[in-house]
Amino acid sequence: MTDAKENVERIVAEADALYHDLDFGAVKRFKEAHPEAKVIGCLPTYSPKEIIHAAGMLPVHLRGAGDQVEIIRGDAYFQSYICQLPRGIIELALSGRLASFDGFVFPAICDVIRNLSGIWQLLFPEKLARYLDIPQNFDAAVGGRFYARELRSILDDLERLSGAKVSDDDLRRSIAAYNHNRTSIEALMSLRAERPWLVPADEAYLVLRAGDTLLVEDHTRMVDEYVAAVLELDRPKRDHSRVVMSGAFCEQPPLGLIRTFERAGCYIVWDDMTISSRFIVGDVATEGDPLAALASAFVERAVESASVYACKRQKGSELCRTVRRSRAEGVIFAAPSFCDPALLDQPMLQAALDKEQIPWTAFKYAENLGQFQVIREQAGTFSDSIRLWGQ
Amino acid sequence: MTTVEKEPSMVKQKEMIAEHFDRLAAAGEHGKKVVYTFVPGNLTELLLSFDVLPVYPEINALQSAMRKRAGDFISEAERVGHSEDVCTYVKCDIGMKRKGNIGPTGQPLPKPDLLLLSYTGCFTFLKWFELLREEYDCPVVLLHTPYQAEGKVTGSMRDYMVEQLKSQVIPALEQLTGKPYDEDRLRTLLALSARAEDDMVHVLESAKHRPSPIDAYFGGVYYIGPMFTAFRGTEGAVDYYQTLRAEVDARVRAGEGPITPEGPMGPEKYRLVVEGPPNWTNFREFWQMFSDEGAVVVASTYTKVGGVYDFGFRHDPRDPLGTLADYCMGCYTNRSLPQRVSMLESYVKDYQADGVLVNSVKSCNSFSAGQLVMLREVEQRTGIAGGFIETDLVDARYFSAANVKNRIESYLQMIEQKRGKGPGATPAGAKEATP
Ligand code: SF4
Ligand code: SF4
């Protein structure tokens, strides 16, 4: 028990240090250890990191500057009605914190990230800035083929950057490493749904966020060790409500807000804050053409998300399924202010929940939000009301 | 408010629009199918080749704002759960639907039989039609236009689009109408588009003259109307642009400036390039803030949102599906920021502008995110002063008239100081520019 407790504390402390290190010391250490290797920053939400990893590079997920970096320059680049994330990213870049990065991938998730790719081309022409045009056509023969070509073209850029060719076997090994990572993360997610009192939301969040910076193999090890250690703990089960959190897939809420929800009496049994590492459901094939495998996994098995056109299913059906599967009693919509994708999605998701009589409440936040009292009260009232409702 | 005698082209456009809305109102009676689609990346020729009637929700939204109805519609959408933060075009449309779906001419709009989601240059389009799908419970066919992130169209992007047209969009229209795809008919319509496009470009480029015979932003939004909506590919559009061209040419010969809603504009003092959409809630007042000061917009990017024609693109009947793909991918907001900067730079130079002004609208991340960086870049490349104002498209809460007017006036003063000469003076080295 003591060992398990120490292990949990050690792992969470390591994850916490990574989370708070916006000078990217881990990236610098990686580069010292691998002087030839390159580092690629990946903007939210989903990038197929397998191809970056296969090129011998470190993919690092960039999610803004959180509540730790004062925005001095970033505000001069964006109007007040644009979300906080891009100003945080620009601040990191202009303050030199991203100097050890060699390139950046901007996935097609919204017009802000899309245009940020252009800002990058204008401000930092010496750095690779690749837009990743994620298909919104989910026919494997049409959108899937286009996406495979898109991946090939990004891989060509990465090969030019590193000066080395990437073989199909390299790609397959990386696909296997990420499959393993997703399996471990799923185990953690299932444990959260089953026994949330063992896995506080802030711990789970930090451990998953560590995957933003660590090499995938190291991250998988961390997740496995964390799950093994918490299973041995005797953490008290509280009379909390069980909620799903939705809408925070891009700009992240501050850690304090996540803690606030739990302190207000909500166990977060599922969330989309770290959906990027679970964007594909199940394994990607490790046989055959690896780029085609990545492409078909995306068009056939991407999760429901505001940035993916809901062609196959009724909007919100997957959220309702997630609520049922995780035995949640309600949903907290937590979306960044001015986030068109999340906020335009919400009325559809809320209608789907209403049909199934699943209660919900909604908040907006910015990554640098500092006051949680009002939200704490609202979340507490929500939690109380759904517990009563449940009875 | 002064009443100004309308030119024949204005009368013609008004008639075209009225007829279109009459057809829409009678669509059910005549068994006509109705397709809702967006302005950027619209496939009007293809739709017309199937004899379906297009509806453009953005146009309804802007018309609602001009008729001062948008406020009600936006409140209605916010009442049913839409956030204050999101694009107001979407909310205006949803609110209008919920309040009876009455179109700009006062007639009810028919429900869509199909939503053609031309996902071109704006992510919000996806969300908008997901929302409309819930409202109308009708099929959606999506055309994903890849973004020109690298500043060019690649073979892969083009193939992807043509494959989508062949395997999804055309079959959806065949199923809707029960008619087979008629490529010859499409070619005929595309040839008509190209003729009208030639004349439209001639009109837009007439602003290279001094004085400019047109205002290429406030007036420009009228000039692009038929081309960007239901009329491209029709004889009506060809006639309209011939008429307009003749009127503009006559103004050039007479050395006349633009006609504004208040009458002919006074002497041209400032030549501006404008980036960003206009405000529609106070459109007339907004225009007057410029025209009263003798500021004429000689080129604008908003008038390229439904197609960029002034760098040579024309619909090409020899390659019907390929040309539709090229058209969609070339629309202004589907271009990378460096491409947009280069366009602005060339406008400043080619049209001998004194300034470049951004009207940043709260609604539109597609246009707005990055405009501050673009402006700085254009200033650096051209050496001219940039100006920045903030409004919204259809939400009057974000149009502060006094503030906007103040900013415009200070900006024009700044231009004045920069050129160091009296108003109206031709900058050193500038010659009469000809298109
Ligand atoms: S928070 Fe929303 S609007 Fe902002 S970059 Fe992310 S997805 Fe785009
Ligand atoms: S975000 Fe801009 S381009 Fe998109 S629908 Fe709104 S106004 Fe139109």
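Residues numbered from 1 in each chain as written. Chains lettered and ligands numbered in written order. Predicted model: local features only at pLDDT ≥ 70, side-chain atom pairs only at ≥ 80, totals over all residues. Heavy atoms only, no water.

Another point: the interface of chain B and chain A. Accessible area lost on assembly of the parts is the figure often given for the size of an interface. In this assembly, 57 residues from chain B lie in contact with 51 residues from chain A. Here chain B meets chain A over a buried area of about 4600 Å², counting both sides, of which 55% is carbon and sulfur. On inspection of chain B and its partner chain A, the count reaches five salt bridges. Our count for the contact surface shared by chain B and chain A stands at 26 residue pairs in polar contact (both at pLDDT 80 or more). Here the side of chain B that touches chain A takes eight residues from helix α7 (residues 155-177) of chain B, the largest share from any one element. Here the side of chain B that touches chain A is built from residues that sort into 24 nonpolar, 19 polar and 14 charged. (Contact = heavy atoms within 4.5 Å. Buried area = accessible area lost by both parts, 1.4 Å probe. Salt bridge = Lys/Arg side-chain N within 4 Å of Asp/Glu carboxyl O. Polar contact = N/O pair within 3.5 Å; in protein donor to acceptor, adjacent residues only side chain to side chain. Helix = DSSP H or I, 4+ residues; strand = E, 2+ residues; numbered from the N terminus. Nonpolar A, V, L, I, M, F, W, Y, C, P; charged D, E, K, R; others polar.)

Let us now look at the site of ligand 1. In the vicinity of ligand 1, the contacting residues are Cys-83, Ile-109, Cys-110, Val-112, Ile-113, Cys-250, Glu-251, Pro-336 and Cys-339 of chain A. Considered class by class, the residues forming the shell around ligand 1 number eight nonpolar, no polar and one charged. (Near = heavy atom within 4 Å.)

A word on helix α6 (residues 124-136) of chain B. All names here are of chain B. Helix length check: α6 (13 residues) gives 18 Å between terminal C-alpha atoms against 18 Å at 1.5 Å per residue, within 8%. Of all the 13 residues making up α6, 11 are buried; the element is thus mostly covered by neighbouring parts of the structure. Those residues of α6 that sit buried are Thr-124, Phe-125, Leu-126, Lys-127, Trp-128, Phe-129, Glu-130, Leu-131, Leu-132, Arg-133 and Tyr-136. Trailing α6 by a residue or two, Asp-137 shows a phi angle of about 50°, which is positive. (Expected span 1.5 Å × (residues − 1). Buried < 20%, exposed > 50% of the residue type's maximum accessible area, 1.4 Å probe, protein only.)

Sheet strands line up and pair through hydrogen bonds in the backbone, either parallel or antiparallel. Residues and elements named next belong to chain B. The four strands are arranged β8-β7-β9-β10 in an open sheet whose pairing can be described as parallel. The sheet is open, and its two edges are formed by β8 (295-300) and β10 (385-391), each paired on a single side. On average, each strand axis in the sheet is inclined to that of its neighbour by 35°, with strand direction left out of account. Across five bridges, the pairing between strand β7 (residues 270-275) and β8 is parallel. Of the residues in β8, the one forming a bridge with Arg-271 is Val-296. Each of β7, β8, β9 (355-361) and β10 touches helix α17 (residues 401-419); the most contacted strand, β10, lies at about 180° to it. (Pairing = 2+ DSSP bridges. Axes fitted to C-alpha atoms, helices over the stretch in contact; angles between N-to-C directions.)

This part takes up the domain arrangement of chain B. Residues and elements named next belong to chain B. Split by domain assignment, chain B resolves into domain 1 (8-182) and domain 2 (187-419). Measuring from the centre of the C-alpha atoms in domain 1 to the corresponding centre in domain 2 gives 23 Å. Taken residue by residue, the interface counts 56 residues in domain 1 and 56 residues in domain 2. Of the roughly 4300 Å² buried at the junction of domain 1 and domain 2 (both faces included), carbon and sulfur atoms supply 62%. Run the count over domain 1 and domain 2 and you get 29 residue pairs in polar contact (both at pLDDT 80 or more). Looking at the side of domain 1 that touches domain 2, the element that brings in the most residues is helix α1 (residues 8-25), giving eight residues. (Domains from an automatic or database assignment.)

We now examine empty space enclosed by the protein. All names here are of chain A. Counting across every chain of the model gives nine cavities of 30 Å³ or more. Lining of the largest cavity is provided by 26 residues; of these, Lys-49, Tyr-178, Asn-181, Ser-276 and Ser-277 occupy positions nearest its centre. Broken down by secondary-structure element, the contributors of at least two residues to the lining of the largest cavity are α3 (49-54), β2 (58-61), α7 (168-194) and α9 (216-231). A total of four residues in the lining of the largest cavity trace back to one element, the largest contributor, which is α7. (1 Å grid on protein atoms, 1.4 Å probe; cavity = no way out; pocket = protein on both sides within 12 Å on 5 of 7 lines; lining within 4 Å. Points joined across faces, edges and corners; volume = space filled by probe spheres on them.)

Here we take up the pattern of salt bridges. Inspection of every chain in the model, using the stated rule, returns 62 salt bridges over all chains. When the shortest N-O distance is used, the salt bridge between Glu-78 of chain B and Lys-91 of chain B registers 2.8 Å. Placement of the pair is Glu-78 of chain B in helix α4 (residues 70-79) and Lys-91 of chain B in helix α5 (residues 88-98), with a sequence separation of 13 residues. Where salt bridges share partners, they join Arg-130, Glu-150, Asp-157 and Arg-160 of chain A together with Glu-150 of chain B into one cluster.

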